[in-house]
Amino acid sequence: MQFSLSAIAEKVGARLVGNPDQLIGGLATLQDAGPLQLSFLSSSQYRKHLGSTGAGAVLLTEADAENFSGNALIVGNPYVAYARLSHLFDPKPLATPGIHPSAVVEPDAVIDPTASIGPGAVISSGAQVGAGTVVGAQSFIGARSVIGCDGWVGPRVSIYHDVHIGNRVVIQSGAVLGSEGFGFANDGGRWEKIAQIGGVTVGDDAEIGANTTIDRGALADTCIGNGVKLDNQIHIAHNVQIGDHTAIAACVGISGSTRIGRHCTIAGGVGMVGHIEICDNVFITGMTMVTRSITEPGAYSSGTAMQPAVEWRKSVARFRQLDSLAKKVQKLEKELLTVTQDSHGSSES
């Protein structure tokens with residue numbers, strides 16, 4: 001499918017400089033784009049490719065457009081404009097409304113006529129699937145679970161009972177929502193299982209990555225806010241609450257009853273202990289171990305960055321000596337304080 005530059009400019013509210021009839025049939029990087037493709041410049045490190053690009057048009061800021069002689073779509077944020085336009089050229093197949101003959105749908109399940117239920121999918125008793133929502137092949141929707149409108153549930157997704165999902169939610173393959181939380185009581189060395197009787201609630205416009213697991217609550221629901229973006233292979237334990245528009249990268253582990261605020265960004269591999277609170281507008285860098293609550297917005301890190309192995313071994317050796325060094329410093333401080341006090345007493349006498 002091809003679109004004129006004028007139509008594309010109107011879609012993203014861009015100011016068009018150049019040929020409005022130029023046709024665009026795809027997207028590409030500045031280095032790889034051809035005359036029927038649209039590109040964008042969002043980082044200064046790629047500015048060197050702007051003069052040699054073969055793109056039919058480029059999304060640019062006003063400043064970058066001044067030195068560009070080709071077709072330009074001038075916007076405030078080229079990367080955001082690219083994100084919005086990317087959906088025009090998404091090759092993902094569109095599902096056909098209806099229920100595949102091999103799907104198993106319980107008689108009291110409610111499926112909107114415009115929804116699509118794929119091959120081998122199972123829709124349990126009392127479940128609801130909203131208008132325009134796609135449930136992929138071999139996915140499971142548990143009893144009384146509700147999925148809103150215009151959502152997309154990939155193949156082999158498992159949604160347990162009593163999970164409530166909002167509108168326009170995307171769930172990638174292998175994700176599990178509503179699995180039992182890790183709840184056990186110790187009885188003299190033996191573990192007594194605690195029934196996880198809460199559910200999971202997911203707000204509108206959230207995205208959940210492949211093989212991400214969200215455990216159900218022990219009593220109240222585990223809650224994922226509106227617009228939350230979860231990458232692949234994240235584990236969210238029972239009773240966690242994540243505020244609106246927070247984004248979490250892959251391989252993050254969040255322990256039970258942790259509360260994360262709105263507009264937070266959590267990089268890959270971060271670990272969080274349970275029963276802590278993270279305030280709004282916090283950025284946590286990759287591989288950080290969060291062991292206590294964060295009450296002030298800002299960026300937080302832990303651990304040491306990569307360095308040559310020889311230097312790292314030296315650093316580790318020094319880390320092991322810190323405790324004894326601290327004790328020596330404390331001892332010296334006490335001795336110095338004693339000497340100072342003695343000197344002061346002598347001068348007075």
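Residues numbered from 1 in each chain as written. Predicted model: local features only at pLDDT ≥ 70, side-chain atom pairs only at ≥ 80, totals over all residues. Heavy atoms only, no water.

**Q** Explain the sheet that holds strand β38 (residues 289-290) to me, using residue names and the numbers behind them.
**A** An order of β9-β12-β15-β18-β21-β26-β29-β32-β35-β38 is seen for the 10 strands of this open sheet, with the pairing classed as parallel. Each edge of the open sheet is held by one strand with a lone partner, namely β9 (104-105) and β38. Judged from the two bridges that link them, strand β35 (residues 271-272) and β38 form a sheet pairing that is parallel. The residue bridging methionine 272 from the neighbouring strand is valine 290, located in β38. (Pairing = 2+ DSSP bridges. Helix = DSSP H or I, 4+ residues; strand = E, 2+ residues; numbered from the N terminus.)

**Q** Describe the UniProt feature "active site" (unreviewed entry) in the protein, and please don't skip the residues or the numbers.
**A** Taken from the UniProt record, the annotation "active site" (unreviewed entry) applies to His238. Considering the arrangement of structural elements, one finds histidine 238 in the loop between β29 (235-236) and β30 (241-242). Judged by its relative accessible area of 15%, histidine 238 is buried. Ignoring sequence-local partners within four residues, the contact set of histidine 238 consists of Gly181, Phe182, Gly183, Gln196, Asp215, Arg216, Gly217, Ala218, Thr222, Gly256 and Ser257. (UniProt positions renumbered as here; feature names shortened; annotations may be inferred. Buried < 20%, exposed > 50% of the residue type's maximum accessible area, 1.4 Å probe, protein only. Contact = heavy atoms within 4.5 Å.)

**Q** Which residues make up the pairing of strand β23 (residues 190-193), and what values go with them?
**A** Bridging between strand β22 (residues 184-187) and β23 involves four bridges; their strand directions are antiparallel. Along β23, the bridge assignment pairs phenylalanine 184 with lysine 193. Where β22 hands over to β23, the hairpin turn is made up of two residues, of which glycine 188 adopts a positive phi near 60°.

**Q** Explain the sheet that holds strand β5 (residues 37-40) residue by residue, including any values.
**A** The sheet built from five strands is open, its strands ordered β2-β7-β6-β5-β4 with mixed pairing. Each edge of the sheet is formed by a strand with only one pairing partner; in this case those strands are β2 (15-17) and β4 (26-27). The pairing of strand β6 (residues 57-60) with strand β7 (residues 72-74) spans three bridges and is classified as parallel. Within β7, the residue paired with leucine 59 across the bridge is leucine 73. Where helix α3 (residues 78-86) meets the sheet, it contacts β4, β5 and β6, and its direction lies at approximately 130° from that of β6. (Axes fitted to C-alpha atoms, helices over the stretch in contact; angles between N-to-C directions.)

**Q** Hey, could you go over the environment of cysteine 279 for me, with residue numbers and the actual values?
**A** In this structure, cysteine 279 sits in the loop between β36 (277-278) and β37 (282-284). Sequence-wise, cysteine 279 and tyrosine 46 are 233 residues apart; in three dimensions their C-alpha atoms are separated by 35 Å.

**Q** Would you mind going over the side chain of threonine 258 in detail, with residue names and values included?
**A** Position of threonine 258 relative to the elements: it lies in the loop between β32 (253-254) and β33 (259-260). Take threonine 258: its relative accessible area is 0%, and that puts it in the buried class. Side-chain polar atoms of threonine 258 contact the backbone oxygen of serine 255, separated by 3.1 Å. (Polar contact = N/O pair within 3.5 Å; in protein donor to acceptor, adjacent residues only side chain to side chain.)

**Q** Break down the packing of helix α1 (residues 5-12) against α3 for me, with residues and values.
**A** At their nearest, the axes of α1 and α3 sit 10 Å apart, and the two run at 110° to each other. Comparing their axes, α3 and α1 come out roughly perpendicular. Between α1 and α3 lies a crossing whose hand is right-handed. Contact residues: Ile8, Lys11 and Val12 in α1; Ala81, Arg84 and Leu85 in α3. For the contact of α1 with α3, the class distribution of residues is four nonpolar, no polar and two charged. (Parallel < 35°, antiparallel > 145°, perpendicular 65-115°, else oblique. Left-handed = near helix turned anticlockwise from the far one by under 90°. Nonpolar A, V, L, I, M, F, W, Y, C, P; charged D, E, K, R; others polar.)

**Q** Now, about the pairing of strand β21 (residues 176-179): what can you tell me, with residues and values included?
**A** Sheet analysis places strand β18 (residues 158-159) next to β21, joined by two bridges and oriented parallel. Looking at the pairing, isoleucine 159 lines up with leucine 177 of β21. Inspection of the sheet shows β21 paired to strand β26 (residues 213-215) by three bridges, in the parallel sense. From the neighbouring strand, valine 176 faces β26, where its bridge partner is threonine 213.

**Q** Go over the pattern of salt bridges, please, and point to the residues and values.
**A** Oppositely charged side chains can form a pair if their charged atoms are brought close together. Applying the stated criterion across every chain yields a total of seven salt bridges. Linking aspartate 280 and arginine 262 is a salt bridge whose minimum nitrogen-to-oxygen distance equals 3.1 Å. Note that aspartate 280 is positioned in the loop between β36 and β37 and arginine 262 in the loop between β33 and β34 (265-266), a separation of 18 residues in sequence. Take aspartate 280: its relative accessible area is 27%, and that puts it in the partly exposed class. Assessed through its relative accessible area of 44%, arginine 262 is described here as partly exposed. A salt bridge links aspartate 323 to lysine 327, with the nearest nitrogen and oxygen atoms 3.5 Å apart. (Salt bridge = Lys/Arg side-chain N within 4 Å of Asp/Glu carboxyl O.)

**Q** Describe α1, with residues and values.
**A** Residues Leu5, Ile8, Ala9 and Val12 constitute the buried set of α1. Buried residues along α1 cover an arc of 100° about the axis, so they all sit on one side. Facing away from the buried surface of α1 by more than 90 degrees, the exposed residues are Glu10 and Lys11. Downstream of α1 by one or two residues, glycine 13 has phi in the positive range, about 65°. (Arc of directions from axis to C-beta.)

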